Each structure stands twice: as structure tokens, then as C-alpha cells.
Amino acid sequence: MKFIPYALCVGALLIASKHSSAQNASETANHSHNQATSAAVSDAPKTDPLRDAGVVQTERVAALTAIAKSASISIAAATLSEIEACDACLARNDLATILAAQPAADLKALAPTLVRKANESTKDSTKDSTKDSTKDSTKDSTKDAANTSASRFVKAACVRAIFALPENERPTEAAAWKPVTLKTTTVPGKMSWDPKEFIVSPNSIVAIEMSNPDSMQHNMLVCSPGSLSEIGVAADKLGEGAIGKQRQYVPDSPKVLEIMGLTAPNTTGVLWFIAPAKTGTYPLVCTYPGHWRMMNGKLKVQ
Ligand SMILES: [Cu+2]
């Protein structure tokens, strides 16, 4: 009961402060964006360091730091608020990465909220999966997939932040959560992953770690069953315009369920998510232009 007025208060502060406090970071981003696109793209959305994929993490952290400072809250708390407001945004995994990287003391202070959010989202997921089983039309299931992904994303971000704490400092509730870590690596020069097929249980907590020893960037998306070509073709088309880079080649589609953004050479990308409630084979795909036909895999939910 205590949290509601607090949340409203923080929300109001964030809304009030967001535009001015994030201004410096977004100005920098807009500057480079404008240079790149002034010739061809006039209807491209403005760069928002908290929402867009094509923003460097330092700019995102700068914007979150400014928001936290003006609201007198920790960066962890500001990031969590942004994650909740950002269910469908391209940068959601980048925000989750920032949250998990916050100092242990700040995450510990936020832990009761993180646990509550994680459990709240579980209830939403159960509701969504019940709904799924009673509806059959493609249109409805696509819509449900997007909603499910949204609430699952908040849960995954909260669980990930809790697991960033040393084991002996995690809340007792975390003992019931059993994340499954799937490790894969890009194969240099081959546009492939090794391994590229995984099996997980419905609704399980999954962490994919993708190391990238290749000399080029790769991303990884989890998509709706049967949507590999549709997403791949859309990604290639996106690569033709300047907006593609800003979106990190992630097509705007409800069939994109989870997003691990572009991962630079010799770094490791991490994506935590809640496995779909519905069994099936979910394509994994790198949407860097030209990669999807070779660089794809399977997440089997069974
Ligand atoms: Cu790739």
C-alpha cells in the first residue's frame, strides 16, 4: 500500500524531469543522427537515448543519471521506472543491462520492489497464457504474444537485477527462481552460432549469453513461430535506409519477442527473458542486414 503514492510521486517527477534532464544526452544523439539522415529521412522519429536501440550505453546512463539526480532517487530506481514505461521499446534489454550493473547496495535497497514486480508479472503471464489457450485466430495470438512479452520483460529485468546481487545478499524469494543459462558463440567468418538450437521449458527464466569472437557485430532476436523469413526480409529492407542503423536493424513487428542488441566484436551480449508460455519452435535470428538466412537458430519450448 505504501508503494503506490511513492510510485505515483516518482512517476510524476520522472515525467516532469525527463525532457530537460535527458536533453544533453539526446542532443548529442540528435546531432549525429541529423548528420546521418538529413539528406534522405525527414519523417524519422527523434532519437531518444532511453528508447532507441541505436544509442550508445554511456548516453543512456547519462540520461538516467540526470533523471535520478533531479528526482533524488538512485539510478537503479530511475532505471526500473524507465523499464516499466518502456515495455515495447527497442532499448529494453539495454536498460535491463544498466539496471543489473548498478551497485549492489542500490539493488539491495530496491530488492523488495524488484521481487514484487517479478511476482506481479508472473500473475500477468498466467493470465495471458490462459487467454492464449482459449483463442485460436492468428491475429489474436500475435496480439497476445506482444502483451505477454511486455509483462514478461519487466519480470525478466527484475529477476536479472536480483541475480546480479551476490548469492548471500539475494532476497529469500529468489531461491525459488531457477534461471537457465544458455551459452553460445558466434563462429568467426561463418555467420553462425555454435550451438544454435536450445530447448527450454515454458515460462522458464532464460539467460542467453552470446560471446562474439567474430570481427563484425551481431545481434539476436527471439521471434514468433514461423516468422523467420518475414522478420529477415523486413530487416534487410530496414538496412537500406538510415533508420535501420538507429533501430539496430530490429524490425517493428509484434513478432519480435525478445531483443539482444548489436554486440560488438570480442564482447558478450546478454539477454534475460521469460520463455514463452506456449510450446513451439521460436526462431532465433541475427537481423544485421544480409545475415538472417545463415545466422538463425531455434529456441524449442517444450
Ligand atoms: Cu549477424
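These notes cover the structure that comes with them. Owing to the predicted nature of the structure, the values given are computational and were not obtained by experimental measurement.

### Quick word on the pairing of strand β6 (residues 256-263)
Consecutive side chains of a regular strand alternate in pointing toward one face of the sheet and then the other. With 8 of its 8 residues buried, β6 lies for the most part within the structure. Of the strand pairs in this sheet, strand β5 (residues 218-223) and β6 are connected by 5 bridges, and their pairing is antiparallel. Bridge pairing in β6 links Cys-223 to Val-256.

### What to know about the sheet that holds strand β8 (residues 280-285)
Taken in spatial order, the 5 strands make up an open sheet running β3-β9-β8-β5-β6, and their pairing is mixed. Two strands lie at the open edges of the sheet, namely β3 (197-200) and β6, each paired on one side alone. In this sheet, neighbouring strand axes are inclined to one another by 20 degrees on average, regardless of whether the strands run parallel or antiparallel. This element, helix α8 (residues 228-238), spans β5, β6, β8 and β9 (296-301) of the sheet and lies at about 20 degrees to β8.

### Some thoughts on the sheet that holds strand β2 (residues 193-194)
If you trace the 4 strands from one edge of the open sheet to the other, you get β2-β1-β4-β7, paired in mixed fashion. At either margin of the open sheet sits one strand with a lone partner, and together these are β2 and β7 (267-274). Relative to strand β4 (residues 205-212), strand β1 (residues 180-186) runs parallel, the two being bridged by 6 bridges. Looking at the pairing, Lys-183 lines up with Glu-209 of β4.

### Looking at helix α3 (residues 57-71)
In this model α3 runs 21 Å from its N-terminal to its C-terminal C-alpha over 15 residues, within 8% of the 21 Å that 1.5 Å per residue would give. Buried within α3 are the following residues: Arg-60, Ala-63, Leu-64, Ala-66, Ile-67, Ala-68 and Ala-71. Immediately beyond the C-terminal end of α3, within one or two residues, lies Ser-72, with a positive phi of roughly 55 degrees.

What counts and how
Residues numbered from 1 in each chain as written. Predicted model: local features only at pLDDT ≥ 70, side-chain atom pairs only at ≥ 80, totals over all residues. Buried ≥ 20, exposed ≤ 12 C-beta atoms within 10 Å, placed from the backbone. Helix = DSSP H or I, 4+ residues; strand = E, 2+ residues; numbered from the N terminus. Pairing = 2+ DSSP bridges. Axes fitted to C-alpha atoms, helices over the stretch in contact; angles between N-to-C directions. Contact = placed C-beta atoms within 7 Å. Expected span 1.5 Å × (residues − 1).

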